[in-house]
Amino acid sequence: MTVYQLEDYIAKDQMASVTERREKEFEDYQRRYPAMTKDAVIAAPNTPLSYPIYGAGVMPLHTIVLPGLGFHGISTEKVQVILRASFGTLNTLADTSKDVVHGRGGKELRISTSNRKLLNHILEHVTYTSTVFLVNAVDMVSFETGSYRVKFPVTIRQLPLPKLFDPGPGNHVRDLVTITTKTFLRYHKLRVLIKSIREFYPDVKVIVADDSEHPEKIEEANVEHFIMPFGKGWFAGRNLAVSQVTTKYYLWVDDDCLFTENTKIEKLVEVLENTNLDVVGGRLAGNDFKFKIFYEEGEGGSCLHIRSGSFHPLEGFPNCVITGGVANFFLARTEETRRVGFDPKLQRVAHIEFFMDGLGNLLVGSCGDVGVGHQNRDLATDSQLAAVEKNYSKFRTNTQEQIRLKLSLHYFKNRLKCYTRIG
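Here's a quick rundown of the structure.

Calculation notes
Residues numbered from 1 in each chain as written. Predicted model: local features only at pLDDT ≥ 70, side-chain atom pairs only at ≥ 80, totals over all residues. Heavy atoms only, no water. Helix = DSSP H or I, 4+ residues; strand = E, 2+ residues; numbered from the N terminus. Expected span 1.5 Å × (residues − 1). Buried < 20%, exposed > 50% of the residue type's maximum accessible area, 1.4 Å probe, protein only. Arc of directions from axis to C-beta. Contact = heavy atoms within 4.5 Å. Salt bridge = Lys/Arg side-chain N within 4 Å of Asp/Glu carboxyl O. Pairing = 2+ DSSP bridges. Axes fitted to C-alpha atoms, helices over the stretch in contact; angles between N-to-C directions.

Not every positive phi belongs to a glycine, and Leu 61 is a case in point at roughly 65°. The phi dihedral of Asn 171 falls on the positive side, at around 55°, and the residue is not glycine. Note that Asn 171 resides in the loop between strand S12 (148-157) and helix H3 (173-176).

Structure below.
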């Protein structure tokens, strides 16, 4: 097991100020995403009140009738029920006198009557009006009578517009998938990759992001070549390539991969079309690389643990499993992964970090019956190509400086204090 204590990768003279800034940003994160910090809601025993525990939702500045409110006590005396809201106002559509219903249009609504039938009629018509424009929040409304007090959630959410991708009338791979890659210096590898793609998928668009110092023209049909500033980096290139995708899915491959008869994009498409997965990977050069991610919250920071393997099989696909991350060969939903993005601060060696940032947002799978090959790793015999590969390796090497940069980034950005890996 490799264990990293991330404080060790922050300069000692900067630790106090870095931690102070990190905690301030974390407080802002908790404010913006309050659902992450909500306390548990416990159902009271033997309550005479009925109320919604799920499904009461309203768009901002709109009104709904709260479903399921009712009183089921046996008292024949006058009963008072009270409802209280925080982000909205309460009222009832029932036409009753002011001595029965108090506080119409306010945050607290009181109903007092000895007529149980009337009480339930009023409760069945209680409305909630959102008064604050919140795009995604939960108002915990309290509902009480006598010594009984419960809370239930009203979700305030602005529904987003759907973003749909047209698969075309024939549902062809070319209309569903774009192949994306990032290249740097190794044009001989890139051209071999493109040639292998065209052998099996002659009409699928290929997008290349390129941050080489002296770019060469890639004159291939249906290949879009985007030039970046020199040495801009690995994840910056991924962002650029994926930003130009106009299909529902994209297939990510490295520039030294090699398509084979086992590179069946159709199989990966079938998986995403029939499951809720956002990303599905396959074998890379025969290696079924996949890993699990475990997140452990704690005081002063959290811990992340990377372990090889998978969680469980994917129902309906006997060769596939649910996992946390996969190799650099995967099919992904374009829109969902764009939301996560690739951190451009990671310029050299980076991959797992994408799945770390996607934790809790991306559902990942892996299928062992689909794969891509890898080009020969032996040193080139041609002196010019050997020089290119030697130059490339200078940028590719994962230096101690790069390791320190990544771990210090996790310390602040992900509020981690420790990070462990096995396998």
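Still to come is the rest of the account.
A separate point is helix H1 (residues 15-32). Its 18 residues give H1 an end-to-end C-alpha distance of 26 Å, which sits within 8% of 26 Å, the value for a rise of 1.5 Å per residue. Where H1 is concerned, the buried positions are Met 15, Val 18 and Arg 22. Projected down its long axis, H1 carries its buried residues within an arc of 65°, all on one side. Seen from the open side of H1, the exposed residues pointing more than 90 degrees away from its buried face are Ala 16, Glu 20, Lys 24, Glu 27 and Arg 31. Looking at the packing, one finds that the buried side of H1 touches helix H10 (400-413) and strand S26 (416-422).

Moving on to the pattern of salt bridges. Scanning all chains against the criterion turns up 20 salt bridges. Across the pair Lys 267 and Asp 369 runs a salt bridge, and its minimum N-O distance is 3.9 Å. Highlighted residues: Lys 267 in helix H6 (residues 265-273) and Asp 369 in strand S25 (residues 364-374), separated in sequence by 102 residues. Using a relative accessible area of 38% as the deciding quantity, one classes Lys 267 as partly exposed. Residue Asp 369 is classed as partly exposed on the basis of its relative accessible area, which comes to 25%. Residue Lys 413 is joined to Asp 357 by a salt bridge in which the shortest nitrogen-to-oxygen separation is 2.9 Å.

Quick look at the sheet that holds strand S4 (residues 63-65) now. Read across the open sheet, the 3 strands follow the order S4-S10-S7; overall the sheet is antiparallel. The sheet terminates laterally at S4 and strand S7 (88-92), the two strands that pair on one side only. Between one strand axis and the next, the sheet turns by 25° as a mean value, whatever way the strands run. Bridge count for S7 against strand S10 (residues 126-130) is 5 bridges, and the pairing is antiparallel. In the strand pairing of S10, Leu 90 is matched with Tyr 128.

All right, on to H6 then. Along H6, the positions that sit buried rather than exposed are Ile 265, Leu 268, Val 269, Val 271 and Leu 272. Around the axis of H6, the buried residues are gathered within 160° of arc, so they sit on the same side.

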